[in-house]
Amino acid sequence: MNDSSPDRPAPVLDVWCELQCPDCRGALDDLRALRARYGDRLELRLRHFPLEKHKHSFAAAQAAEEAAEQGQGWPYVEAVLARVEELDRQGEPFLVEAARELGLDAEEFDTALIDGRHILIVDADQAEGKAIGVTGTPTYVIDGVLLDGGKSQEGLRERVEEIADRLLADQD
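As the structure is a prediction and not an experimental result, all values here were calculated from the model. (Residues numbered from 1 in each chain as written. Predicted model: local features only at pLDDT ≥ 70, side-chain atom pairs only at ≥ 80, totals over all residues. Heavy atoms only, no water.)

**Some details on the packing of aromatic side chains**
Right, on to step 1. All told, the structure shown has one aromatic pair when counted by the stated rule.
Right, on to step 2. A centroid spacing of 5.2 Å and a plane angle of 40° characterise the contact between Y76 and F109, whose relative ring orientation is tilted. With Y76 in helix α3 (residues 73-81) and F109 in helix α6 (residues 106-115), this pair connects stretches of sequence that are 33 residues apart. F109 shares its class with Y76; the two are buried.
Right, on to step 3. Across the ring face of W74, the terminal group of R35 is positioned such that the distance to the ring centre comes to 5.1 Å. (Phe/Tyr/Trp six-rings, centres within 6.5 Å; stacked < 30°, edge-to-face > 60°. Helix = DSSP H or I, 4+ residues; strand = E, 2+ residues; numbered from the N terminus. Buried < 20%, exposed > 50% of the residue type's maximum accessible area, 1.4 Å probe, protein only. Lys NZ or Arg CZ within 6 Å of the ring centre and 35° of its normal.)

Laid out in structure tokens, this is it:
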């Protein structure tokens, strides 16, 4: 008997990331490949883990939340990660400019960074990450398995695919 239903939620891959992290930029190719392979059968969920050594990472996480609210979360994340050096140099003005370049409401970004409306989400993600053992970025969590990409990303996409394939097969 096939009890798989279209209502069953897709497996979730939590991607613990910070937008000032060169290693997270390196992970973009893997994330694109996973999206291409699975489409909406695998939910990629951005989780924030700003690191203290990157002084603009907390603001960048808030900006990513604003981008998501405006319907452009992943495109914004990719745009910022592609230009980590500019974020290093320019800080918050770069975050607002990146939003403008994507056609987002840049004034709203500026306001969101000033009023801190997304701080609780970022804080909650960071606290949860620490609680489950995230120590650096990128780190992936799928089906309770924590895969640390901060040291090396070698073989991580394959490991995520193994787990995702198993989870999807179990649904059939």
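The discussion continues.
**Describing the packing of helix α2 (residues 57-69) against α3**
Right, on to step 1. The contact between α2 and α3 brings their axes to 7 Å, and the two run at 145°. For the pair α2 and α3, the contacting residues are A63, A64, A67 and A68 in the first and G73, Y76 and V77 in the second.
Right, on to step 2. A per-class count over the contact of α2 with α3 returns six nonpolar, one polar and no charged. (Axes fitted to C-alpha atoms, helices over the stretch in contact; angles between N-to-C directions. Contact = heavy atoms within 4.5 Å. Nonpolar A, V, L, I, M, F, W, Y, C, P; charged D, E, K, R; others polar.)

**Describing the environment of L95**
Right, on to step 1. Mapped onto the elements, L95 comes out in helix α5 (residues 92-101).
Right, on to step 2. For L95, a relative accessible area of 0% puts it in the buried group.
Right, on to step 3. With 33 residues separating them in the primary sequence, L95 and Q62 have C-alpha atoms 9.8 Å apart.
Right, on to step 4. With residues up to four places along the chain from it excluded, the contact list for L95 reads A59, A60, A63, Y76, V80, L87, F109 and L113.

**Comments concerning the side chain of R47**
Right, on to step 1. Secondary-structure assignment places R47 in strand β2 (residues 43-48).
Right, on to step 2. Residue classification places R47 among the buried positions, given a relative accessible area of 8%.
Right, on to step 3. Reaching out from R47, the side chain makes a polar contact with the side chain of D14 at a distance of 3.4 Å.
Right, on to step 4. A polar atom in the side chain of R47 sits 2.6 Å from the side chain of E128.
Right, on to step 5. Setting aside residues up to four positions removed in sequence, R47 forms contacts with D14, V15, W16, C17, D125 and E128. (Polar contact = N/O pair within 3.5 Å; in protein donor to acceptor, adjacent residues only side chain to side chain.)

**Considering the confidence of the model for the chain**
Close reading of the predicted structure is inappropriate where its pLDDT is low.
Right, on to step 1. When pLDDT is averaged across the chain, the result is 91; 96% of the residues are at 70 or more.
Right, on to step 2. When the criterion is pLDDT under 50, residues 1-5 qualifies, and its contacts beyond four places in sequence or with other chains add up to five contacts. (pLDDT = per-residue confidence, 0-100.)

**Some thoughts on the pairing of strand β3 (residues 139-142)**
Right, on to step 1. Here β3 shows two buried faces, one formed by T139 and V141 and the other by Y140 and I142.
Right, on to step 2. Note that strand β1 (residues 12-17) and β3 share four bridges and pair antiparallel. Bridge pairing in β3 links L13 to I142.
Right, on to step 3. With four bridges joining them, β3 and strand β4 (residues 145-148) adopt antiparallel strand pairing. Bridge pairing in β4 places I142 opposite V145. (Pairing = 2+ DSSP bridges.)

**Some remarks on the nonpolar core**
Right, on to step 1. Core analysis: the largest hydrophobic core is formed by 43 residues, its most contacted members being L13, Y76, L95 and Y140.
Right, on to step 2. Sequence-distant contacts of Y140, that is, excluding residues within four places in its chain, are made with L13, D14, V15, A27, L31, V145, L146, L147, Q153, L156 and V160.
Right, on to step 3. Membership of the second largest hydrophobic core comes to five residues, among which are W16, F49, L51 and V134. (Core = buried A, V, L, I, M, F, W, Y, C linked by side-chain atoms within 4.5 Å.)

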